[in-house]
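# Analysis of the macromolecular model
Listed below, chain by chain, are the residues.
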Amino acid sequence: MNLSKNFRANALVTLKNINLAFDLQKTNSLTLKDSFINFCKSPIQNLFSTNNMYHCLKNISFSIQEGDKIGIIGKNGAGKTSLCHIIAGNYLPISGTIDRHCKIRSVFNANPQIFPELSGKENAQLVSRLLYPE
């Protein structure tokens, strides 16, 4: 995924050289018991190993200004959701900086639609009103 955009002075969100990686050995364990057993077998290797790292975001830089509409397109596993999680503050990148000059609320749900008869935008507005009433 390669996004680039001119940085603007009054951007709401600015990402600079964002990198995100996951340790597949730690994330693929089926149970807490499996994770504990793997850790006990080789604690030093589990703490410092970088052999099984999956880099889902590499050097992502762009800014979002008020009124911008952003579309993120890519194959399964390209890092679209991970990028959204970083913007929302749910994930911390392993390197790079993110500056947020606005309030960001994430609406991530395993169920992609609440009401099939509503559009995606209408569903997002409904979920955000339910989760974050003001």
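The following paragraphs examine the structure supplied in this document. (Residues numbered from 1 in each chain as written. Predicted model: local features only at pLDDT ≥ 70, side-chain atom pairs only at ≥ 80, totals over all residues. Heavy atoms only, no water.)

We now examine the sheet that holds strand β2 (residues 53-64). Ordered by their spatial adjacency, 3 strands build an open sheet running β2-β1-β3, and the pairing between neighbours is antiparallel. For this open sheet the edge positions go to β2 and β3 (95-100), each flanked by a neighbour on one side alone. Pairs of neighbouring strands in the sheet enclose a mean axial angle of 25°, with direction left out of account. The pairing of strand β1 (residues 13-23) with β3 spans 5 bridges and is antiparallel. Across the sheet, the residue bridging to Leu15 is Ile98, located in β3. (Pairing = 2+ DSSP bridges. Helix = DSSP H or I, 4+ residues; strand = E, 2+ residues; numbered from the N terminus. Axes fitted to C-alpha atoms, helices over the stretch in contact; angles between N-to-C directions.)

A separate point is the nonpolar core. Grouped burial of nonpolar side chains is what soluble globular proteins tend to show. Core analysis: the biggest nonpolar cluster contains 13 residues, and Leu15, Leu57, Phe62, Leu83 and Ile86 have the highest contact counts within it. Elements that contribute at least two residues to this core include exactly β1, β2 and α4 (80-88). A per-element tally of this core places β2 first, with 5 residues. (Core = buried A, V, L, I, M, F, W, Y, C linked by side-chain atoms within 4.5 Å. Buried < 20%, exposed > 50% of the residue type's maximum accessible area, 1.4 Å probe, protein only.)

It is worth spelling out the side chain of Ser61 at this point. Examined against the element boundaries, Ser61 turns out to sit in strand β2. Exposure remark for Ser61: the relative accessible area of 13% places this residue in the buried category. At a separation of 2.7 Å, a polar atom in the side chain of Ser61 contacts the main-chain amide nitrogen of Asn17. (Polar contact = N/O pair within 3.5 Å; in protein donor to acceptor, adjacent residues only side chain to side chain.)

The residue Asn17 is not glycine, and still its phi comes out positive at about 50°. Here Asn17 shows up in strand β1. Residue Asn17 is classed as partly exposed on the basis of its relative accessible area, which comes to 44%. Notably, Asn59 is not glycine yet its phi reads approximately 50°, a positive angle.

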